[in-house]
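Residues per chain, in single letters:
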Amino acid sequence: MACVYLANAMSFRPVRFSGAGHYQKPTNFLARRKSVSVSCAGSSPEIELEFIAPKPANDGSYAVEKATAISGEKLLRSIMSDNKIELYATYGKLMNCGGGGSCGTCIVEIIDGKDLLNERTNTELKYLKKKPESWRLACQTIVGNKENSGKVLVQRIPQWKK
């Protein structure tokens with residue numbers, strides 16, 4: 001099976017709309033460039049992620065949420081957001097920078113699979129200089145390198161651990 005990547009496809013759309021999704025009489029069409037990519041199933045390695053809850057349940061066990069991602073394509077923050085996995089403590093929910101790397105509120109701890117992630121960035125070195133080496137900023141952490149696959153175990157909100 002062949003994989004296709006089409007970088008500059010053309011789509012033609014009428015220039016004017018009448019609202020509510022109805023077209024006015026188009027007299028002019030505007031060409032718009034858009035990127036289109038088609039990937040083949042199984043062609044890209046995947047990273048499995050497990051996210052451990054910050055606090056134990058009443059029975060003492062920790063809830064684990066799972067997600068998968070194509071290696072090297074997403075930041076940890078995006079994966080967590082896409083899968084509706086809680087990332088921020090209360091302060092971070094109110095005061096986060098939206099993934100810009102300027103607040104330091106998206107801290108996670110990498111329990112296992114550190115070798116499947118990028119090295120700490122300069123931003124992380126700045127915000128996490130007095131924190132353990134296993135702590136990372138989710139907004140700066142790229143999952144995989146497009147060639148590797150495996151499993152990453154992530155502790156959410158590690159500052160809550162006792």
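First things first, this report covers the structure right here in the doc. (Residues numbered from 1 in each chain as written. Predicted model: local features only at pLDDT ≥ 70, side-chain atom pairs only at ≥ 80, totals over all residues. Heavy atoms only, no water.)

1. Some details on the overall build of the protein chain
Then, in step 1: Helix and strand content of the protein chain: three helices and nine strands.
Then, in step 2: Start at the N end of the protein chain and walk to the C end: the helices and strands fall as β-β-β-β-β-α-α-β-α-β-β-β.
Then, in step 3: Looking at the protein chain as a whole, 34% of its 162 residues qualify as buried.
Then, in step 4: Within the protein chain, contacts between residues at least 6 apart in sequence are counted, and of these 60% link residues at least 24 apart. (Helix = DSSP H or I, 4+ residues; strand = E, 2+ residues; numbered from the N terminus. Buried < 20%, exposed > 50% of the residue type's maximum accessible area, 1.4 Å probe, protein only. Contact = heavy atoms within 4.5 Å.)

2. Quick notes on the pattern of salt bridges
Then, in step 1: Inspection of the entire model under this criterion finds seven salt bridges.
Then, in step 2: A salt bridge links Glu-133 to Arg-120; the nearest nitrogen and oxygen atoms lie 4.0 Å apart. Here Arg-120 lies in the loop between strand S6 (107-112) and helix H3 (122-127) and Glu-133 lies in the loop between H3 and strand S7 (135-137), a separation of 13 residues in the sequence.
Then, in step 3: Arg-136 is paired through a salt bridge with Glu-124; the nearest N and O atoms lie 2.7 Å apart. With Arg-136 in strand S7 and Glu-124 in helix H3, the pair connects residues that are twelve residues apart, well separated along the chain. Grouping residues by exposure puts Arg-136 and Glu-124 together as buried.
Then, in step 4: Put simply, Glu-50, Lys-66 and Lys-151 are held in one network by salt bridges that share partners. (Salt bridge = Lys/Arg side-chain N within 4 Å of Asp/Glu carboxyl O.)

3. Considering the nonpolar core
Then, in step 1: Judged by nonpolar contacts, the single largest core of 25 residues is most densely connected at Leu-49, Phe-51, Leu-76, Val-108 and Val-152.
Then, in step 2: Of all elements in the fold, only strand S3 (46-52), strand S4 (64-70), helix H1 (76-82), S6, S7 and strand S9 (150-156) reach the threshold of two or more residues within this core.
Then, in step 3: Once residues within four sequence positions are removed from consideration, Leu-49 is found in contact with Glu-65, Lys-66, Ala-67, Thr-68, Ala-69, Leu-76, Ile-79, Val-143 and Val-152. (Core = buried A, V, L, I, M, F, W, Y, C linked by side-chain atoms within 4.5 Å.)

4. Overview of a nonpolar patch on the surface
Then, in step 1: Together, Tyr-91, Leu-94 and Met-95 line one region of the surface with nonpolar side chains, adding up to about 390 Å² of accessible area.
Then, in step 2: Relative to the assigned elements, Tyr-91 resides in helix H2 (residues 90-95). (Patch = residues over 30% accessible without salt bridge, like charges linked within 9 Å, V, L, I, M, F, W, Y side chains within 5 Å. Areas by Shrake-Rupley, 256 points an atom, 1.4 Å probe, with all protein chains shown as cover.)

5. Examining the side chain of Gln-140
Then, in step 1: Within the secondary structure layout, Gln-140 lies in the loop between S7 and strand S8 (142-143).
Then, in step 2: Residue classification places Gln-140 among the buried positions, given a relative accessible area of 15%.
Then, in step 3: If we ignore the near neighbours within four places in the chain, the residues touching Gln-140 are Leu-75, Gly-100, Gly-101, Asn-118, Thr-121, Thr-123 and Glu-124.

6. Points about the sheet that holds S7
Then, in step 1: Pairing is mixed across the open sheet formed by five strands, whose spatial order is S4-S3-S9-S6-S7. Strands with a single pairing partner mark the edges of an open sheet, and in this sheet they are S4 and S7. Within the sheet, the average angular offset between the axes of one strand and its neighbour, ignoring direction, is 35 degrees. (Pairing = 2+ DSSP bridges. Axes fitted to C-alpha atoms, helices over the stretch in contact; angles between N-to-C directions.)

7. Re the environment of Glu-48
Then, in step 1: Looking at the secondary structure, you find Glu-48 in strand S3.
Then, in step 2: Each C-alpha atom, one on Glu-48 and one on Ser-71, is 9.3 Å from the other, the two residues being 23 residues apart in sequence.
Then, in step 3: Setting aside residues up to four positions removed in sequence, Glu-48 forms contacts with Ala-67, Thr-68, Gly-150, Lys-151 and Val-152.

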